[in-house]
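Spelled out from the first residue to the last, the chains are:
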Amino acid sequence: MTKKIKDLRFGSIDAQDYFHSGAGDIYTTLFQRSFLEGEHLQKLLDPKTIFYMGEKGTGKTAYATYTCLFLRDKYKAQSIFFSAEDFERFSEIAENLKLERTQFTTLWTFVLLSTFLAKASEFIDFDPDGRISALFKATRDVILIDRIDRASQAIELAGQVNALFDSYLQYSQEKLNKANVDRALQSFKLSRIVDQCIEELRTIPQSSQFTLFIDSIDVRPEGLEYPSYLEVVSALCNSVWLLNVTQLWRSKGQFKIVVLLRPDIFESLRFQNKGTKLDTYSHVIDWTTRYTNYRSSEIFKLADRLLAVQQSTEPKGQPGDTFDNYFPFKMASRRRDTPDDPFILFLRHSFYKPRDIIKYLSLMAAAYSKDERGERKHFDDDVFKDKDIRKSFSDYLLQEIEDQTSFYYSDAEWDQFKAFNDGFLSASVSRKNGDFSYDDFVGAHDRFVKYNEKNELDTPPSFRTADILLQFMFDLNIIGYKVVRTGKNGEEMTFTNYSFRQRSMANLRPKVPTGGNYVMHYGLAKALFTDFVG
């Protein structure tokens, strides 16, 4: 029996909420029941995957959270989440310890390994008289906690390395010359603890397994400029790489650390042999599909399953039947004479990400539940025409983009982008379909730069030239470029290419061609232009 719209639930769009709520929460249970395993999960569990990539909202945290909560019987894992303050504090402690930037990797290696060991101790019984346990006891002496639970605690522990090392020597019963210890550099002390703990870890039985997921590294604190922040994040990722390849993978057990990150951040990282790391030790989550075969896509199956598992009796028909029950109509096509299935509008308005689809569904259900429509068991085609739903979803997409840009740009630079769009480019953008030409864009950029010069305002680096700004907007999927192709019957057909649909392991940052015609993303248009009617 089909459930009423007002009784549908969609949970959180941020899987971190499920991680913190735990397995017993009602929405976490919905997350578990509706979860699709498949290739992306297998790649996360692959022993060689170190860099697990996907754009914001593609499910990186969801896959890690599902693994931690619901695969515990066969795969042991835990996640840690960084905050902006963690990176700022890391920089402060590195400065206090008088570490050069080239030694950031040493500091991160200690932070990551000490966190890894503390989290692994939930599943592995370490020798109570061994060196790993000595580190745990010294940790309790220095920062008054039995086990490190958050990255911030490991960072603070590193900041007390002199006291930590003295306590560690007592518990580990290692005999070192006191004069040599007093003269030793703090980086040596960090490395010494790491080396000795790794030495013991290599004796752990082959049957032992543990994985640590590193999440939320794309949050830059206001007080840390982008170049400095990039140095810190690059050192973190380099430490993950070195710990896995030169240390953990040489153990008898099955150990690894995985960093979850966006492809654009990976592309920005400063470390050697990036191509090898990408080809052999990385995976990019990709949900893209085509309008013509969307029903076989994973993202459609996800939407259908989220609805299906909520029914009193889970449907036993074909995948997609539940979605069809809730959306039993067709929509006029923008391209063909035949009408479109409603899921095509979900795709057209979104970036083909699970978070987008879940958000759109939840907005639709919330709007219907405000009145008698909540009693219905299906939506009508007016749900895609509702101005309030469209505007709310468009605002959500724009906020997602703003959050994404915070890795690179300050709030002031984002405000400059909005000023450029509102005051200069908007005059050239069609309010019916969002089209504009390259000449329109260059003209808007010229006027913007001249306005800044006249009013003695700084123009951000991302606005330095029209082409740089065009690429910036393409990277963020704010715009796509149009391509005209010839159909089977000789007719001209226009397609739009977006960065997220072109991105691949071989091309993490697709380039936008200049000199052509472009279009504002359909889902964003309502947030960018209040009078958009498309």
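Presented here is an overview of the structure given in this document. The model shown is predicted, which means the values in this text are computed figures rather than measured ones.

Analysis parameters
Here the residue numbers are simple positions, counted from 1 along each chain's written sequence. Where local features are concerned, this predicted model is filtered to residues with pLDDT of at least 70; where side-chain atom pairs are given and counted, the filter is 80 or more; whole-chain, interface and lining totals use all residues. Only hydrogens and water are set aside; all other atoms, that is, all heavy atoms of the structure, feed into the side-chain values. Put simply, two rings from Phe, Tyr or Trp (the six-membered ring, in Trp's case) pair if the centres are within 6.5 Å, and we call them stacked under 30 degrees between planes, edge-to-face over 60, tilted for the rest. Ring-over charges, as used throughout, are those where CZ of Arg or NZ of Lys falls within 6 Å of the ring centre and within 35 degrees of the ring normal. Method remark: on a 1 Å grid restricted to protein atoms, a set of points is classed as a cavity if a 1.4 Å probe fits but cannot get out and as a pocket if it is open with protein on both sides within 12 Å along at least five of seven lines; lining residues have an atom within 4 Å of a point. Grid points are joined across faces, edges and corners, and a volume is the space filled by probe spheres set on the points. Throughout, the ten residues Ala, Val, Leu, Ile, Met, Phe, Trp, Tyr, Cys and Pro are labelled nonpolar, Asp, Glu, Lys and Arg are labelled charged, and all others, Gly among them, are labelled polar. Each reported salt bridge corresponds to a side-chain nitrogen of Lys or Arg within 4 Å of a carboxyl oxygen of Asp or Glu. Helix and strand assignments follow DSSP, with helices taken as H or I runs no shorter than four residues and strands as E runs no shorter than two, numbered in order from the N terminus. Using a 1.4 Å probe on the protein chains alone, a residue whose accessible area is under 20% of its type maximum counts as buried, one over 50% counts as exposed, and one in between counts as partly exposed. Two strands are counted as paired when DSSP detects at least two bridges linking them. Helix axes are fitted to C-alpha atoms over the stretch in contact, other axes to C-alpha atoms as well, and angles between N-to-C directions run from 0 to 180 degrees. Criterion for a disulfide: a pair of cysteine sulfur atoms at a distance within 2.5 Å. For classification, angles of less than 35 degrees are called roughly parallel, those exceeding 145 degrees roughly antiparallel, those between 65 and 115 degrees roughly perpendicular, and all remaining angles oblique. By definition, residues are in contact when any of their heavy atoms lie within 4.5 Å. Among buried residues, those of type Ala, Val, Leu, Ile, Met, Phe, Trp, Tyr and Cys that are joined through side-chain atoms within 4.5 Å constitute a nonpolar core. In protein, a polar contact means a hydrogen-donor-capable atom and an acceptor-capable atom, both N or O and within 3.5 Å, with residues adjacent in sequence counting only if both atoms are side-chain atoms; elsewhere, any N or O pair within 3.5 Å suffices.

**Overview of the packing of aromatic side chains**
Okay, so step 1: Enumeration over the complete set of coordinates arrives at 63 aromatic pairs.
Okay, so step 2: Lying across the ring of Tyr 368, Arg 373 places its NZ or CZ 4.2 Å from the centre.
Okay, so step 3: Note that Arg 485 overlies the ring of Phe 495, its terminal NZ or CZ placed 5.2 Å from the centroid.

**Comments concerning empty space enclosed by the protein**
Okay, so step 1: Counted by the stated rule, this structure contains 4 cavities of 30 Å³ or more.
Okay, so step 2: Considering only enclosed or pocket space, the largest cavity measures out at about 130 Å³ in volume.
Okay, so step 3: Every residue lining the largest cavity is counted, 13 residues in all, and those nearest its centre are Glu 55, Thr 58, Ile 285, Asp 286 and Phe 500.
Okay, so step 4: Here the lining of the largest cavity is built from residues that sort into 7 nonpolar, 2 polar and 4 charged.
Okay, so step 5: Taken together, Glu 55, Phe 351, Lys 353, Glu 400, Ile 401, Gln 404, Leu 476 and Asn 477 form the lining of the second largest cavity.
Okay, so step 6: Of the residues in the lining of the second largest cavity, the class split is 3 nonpolar, 2 polar and 3 charged.

**Thoughts on the pattern of salt bridges**
Okay, so step 1: On inspection of all chains with the given rule, the structure shows 26 salt bridges.
Okay, so step 2: Close ionic contact of Lys 391 with Asp 395 constitutes a salt bridge, the shortest N to O distance being 2.9 Å. You can see Lys 391 and its partner Asp 395 sitting in helix H19 (residues 387-405), 4 residues apart, about one turn around the helix.
Okay, so step 3: When its relative accessible area of 33% is taken as the criterion, Asp 395 is described as partly exposed.
Okay, so step 4: The salt bridge involving Arg 509 is made with Asp 475; its shortest N-O contact spans 2.6 Å. A residue pair is termed long-range when its members are at least 10 positions apart, and Arg 509 in the loop between helix H23 (499-502) and strand E9 (517-520) and Asp 475 in helix H22 (residues 466-475) qualify at 34 residues.
Okay, so step 5: Residue classification places Arg 509 among the partly exposed residues on the basis of a relative accessible area of 37%.
Okay, so step 6: Here the salt bridges do not stand alone but share partners, grouping Lys 4, Lys 6 and Glu 375 into one network.

**Some thoughts on the sheet that holds strand E8 (residues 492-497)**
Okay, so step 1: Spatially, 4 strands are ordered E6-E9-E7-E8 in an open sheet, and the strand pairing comes out antiparallel. The sheet is open, and its two edges are formed by strand E6 (435-437) and E8, each paired on a single side. Adjacent strand axes in the sheet meet at a mean angle of 40°, parallel and antiparallel pairs treated alike.
Okay, so step 2: Bridge count between strand E7 (residues 479-486) and E9: 3 bridges; the pairing is antiparallel.

**Quick notes on the state of the cysteines**
Okay, so step 1: Counted according to the given criterion, the structure contains 0 disulfides.
Okay, so step 2: Cys 68 takes part in no disulfide bond, and the closest cysteine sulfur to it belongs to Cys 237, at a distance of 18 Å.
Okay, so step 3: Given a relative accessible area of 1%, Cys 68 falls into the buried group.

**Notes on the sheet that holds strand E4 (residues 254-261)**
Okay, so step 1: Strand order in the open sheet formed by 5 strands is E2-E3-E4-E1-E5, and the pairing between neighbours is parallel. In this open sheet, the two edge strands, each paired with only one partner strand, are strand E2 (77-81) and strand E5 (282-284). Shown here is a sheet whose adjacent strand axes are inclined to one another by a mean of 20°, direction ignored.
Okay, so step 2: Looking at chain direction, E2 and strand E3 (residues 209-215) are connected through 5 bridges and run parallel. Within the sheet, the bridge partner assigned to Ala 77 lies in E3 and is Thr 211.

**Quick look at the packing of helix H20 (residues 411-425) against H22**
Okay, so step 1: Where H20 contacts H22, the axes come no closer than 13 Å and their chain directions differ by 110°. One way to sum up the angle between H20 and H22 is to call them roughly perpendicular. Along the contact surface, H20 presents Phe 417, Phe 420 and Leu 425, while H22 presents Leu 469, Phe 472 and Met 473.

**Observations concerning the nonpolar core**
Okay, so step 1: With 102 residues, the main nonpolar core has Phe 327 and Met 473 as its most contacted residues.
Okay, so step 2: Sort the elements by how many residues they give to this core and helix H18 (residues 354-368) lands first, with 9 residues.
Okay, so step 3: Once residues within four sequence positions are removed from consideration, Met 473 is found in contact with Phe 417, Phe 420, Leu 425, Phe 441, Ile 478, Ile 479 and Met 520.
Okay, so step 4: Grouped together as the second largest cluster of nonpolar side chains are 77 residues, Leu 112, Ala 120, Leu 169 and Leu 269 included.

**Observations concerning the layout of surface pockets**
Empty space left among the atoms is revealed by rolling a probe the size of a water molecule over them.
Okay, so step 1: When its volume is computed, the largest pocket comes out at roughly 800 Å³.
Okay, so step 2: Lining the largest pocket are 40 residues, and of these Ile 13, Asp 14, Ala 15, Thr 61 and Arg 355 sit closest to its centre.
Okay, so step 3: When contributions to the lining of the largest pocket are tallied by element, the ones reaching two or more residues are helix H1 (16-21), helix H2 (26-34), helix H4 (60-70), E4, helix H15 (298-308), H18 and H19.
Okay, so step 4: Across the lining of the largest pocket, the residue classes break down as 21 nonpolar, 11 polar and 8 charged.

**Topic: H22**
Okay, so step 1: Most of H22 is tucked away, with 8 of its 10 residues classed as buried.
Okay, so step 2: All of the buried residues along H22 are Ala 466, Leu 469, Leu 470, Gln 471, Phe 472, Met 473, Phe 474 and Asp 475.
Okay, so step 3: Phi for Asn 477, located one or two positions after H22, is positive at around 65°.

**Some thoughts on the environment of His 283**
Okay, so step 1: Here His 283 shows up in strand E5.
Okay, so step 2: Classification of His 283 by relative accessible area gives buried; the value is 7%.
Okay, so step 3: When the C-alpha positions of His 283 and Asp 14 are compared, they lie 21 Å apart, and in sequence the two are 269 residues distant.
Okay, so step 4: Polar side-chain contacts of His 283 include one of 2.9 Å to the side chain of His 40.

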